[in-house]
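# Architecture at a glance
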Amino acid sequence: IGFVYPDIWPSHTELLIHSARESLERLRDHRVHSLLRPFPARDDNAFISTIQDLADQKVSGLILCLFDYNPECLHAAWQILEKSKIPHILLGSDIPGGPQICSVCHDCCRCGRMAAETLGWMTPDSSVAVFIGRHGFLDHDLKVEGFQSWLNQSRIKLAGIGETYDDPAKGYPVAHEI
């Protein structure tokens, strides 16, 4: 079983990766071997190369912990997996209508609601901003949706929503603008 994951944003992926590694290690007792492949995030070529390498090694299945890739890159990956008849699951995110068998992820809408509720307790009658990686990325959009759904029950106001592309350096100008 191949396991592909990005080498970035450990606060989000570290627990997922640690749990998957532990589970794959337990499968060794059943003669299931794993090939763990970190790849540089935001590098489409490295991602496709990693998928192709695992397909060439004839893995029986694949676990993908994705990062933010463009649709063309994901389409290329899906084609490799389809041609090689490799079933795969998504860990930590979902792509509705994608070719994955299933996805294992958290409830992003609930996460957004919890963030708004917590800010409402901590800073009632305040104006707050929400920063996400990118609009159009399902996990991020659902967090914003959950956050906004709680605003009707709260005394906080939404000053704005900023895109940081998961890069803190890009977040500072966005925060200043909001």
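Residues numbered from 1 in each chain as written. Predicted model: local features only at pLDDT ≥ 70, side-chain atom pairs only at ≥ 80, totals over all residues. Heavy atoms only, no water.

With respect to the helices and strands, the residue Leu-81 is situated in helix 3 (residues 71-83). Overall, the relative accessible area of 2% leaves Leu-81 in the buried class. Separated by 29 residues in sequence, Leu-81 and Gln-52 place their C-alpha atoms 8.2 Å apart. When sequence neighbours within four positions are dropped, the list of residues in contact with Leu-81 reads Ile-51, Leu-62, Leu-64, Ile-86 and His-88. (Helix = DSSP H or I, 4+ residues; strand = E, 2+ residues; numbered from the N terminus. Buried < 20%, exposed > 50% of the residue type's maximum accessible area, 1.4 Å probe, protein only. Contact = heavy atoms within 4.5 Å.)

This brings us to helix 4 (residues 108-122). Helical geometry: 3.6 residues make up each α-helical turn, so side chains three or four residues apart lie on a common side. Helix length check: helix 4 (15 residues) gives 21 Å between terminal C-alpha atoms against 21 Å at 1.5 Å per residue, within 8%. For helix 4, the set of buried residues is Cys-108, Cys-109, Gly-112, Ala-116 and Gly-120. Viewed along the axis of helix 4, the buried residues span an arc of 125 degrees, placing them on a single side of the element. Summarising the geometry of helix 4, the exposed residues directed more than 90 degrees from the buried face are Trp-121 and Met-122. Where helix 4 is buried, its residues contact helix 5 (138-151). The N-cap residue of helix 4 is Asp-107: its side-chain oxygen and the backbone nitrogen of Cys-109 are 3.2 Å apart. (Expected span 1.5 Å × (residues − 1). Arc of directions from axis to C-beta. Polar contact = N/O pair within 3.5 Å; in protein donor to acceptor, adjacent residues only side chain to side chain.)

This brings us to the sheet that holds strand 1 (residues 2-6). Strand order in the open sheet formed by five strands is 2-1-3-4-5, and the pairing between neighbours is parallel. One side of each edge strand has no neighbouring strand; the edge strands of this open sheet are strand 2 (35-39) and strand 5 (103-104). In this fold helix 2 (residues 44-56) packs onto strand 1, strand 2 and strand 3 (62-64), with an angle of close to 165 degrees to the strand it touches most, strand 2. (Pairing = 2+ DSSP bridges. Axes fitted to C-alpha atoms, helices over the stretch in contact; angles between N-to-C directions.)

Position of His-88 relative to the elements: it lies in strand 4 (residues 88-91). Non-local contacts of His-88, meaning those with residues more than four positions away in its chain, are made with Leu-62, Leu-64, Trp-78, Leu-81, Pro-99, Gln-100, Ile-101 and Cys-102.

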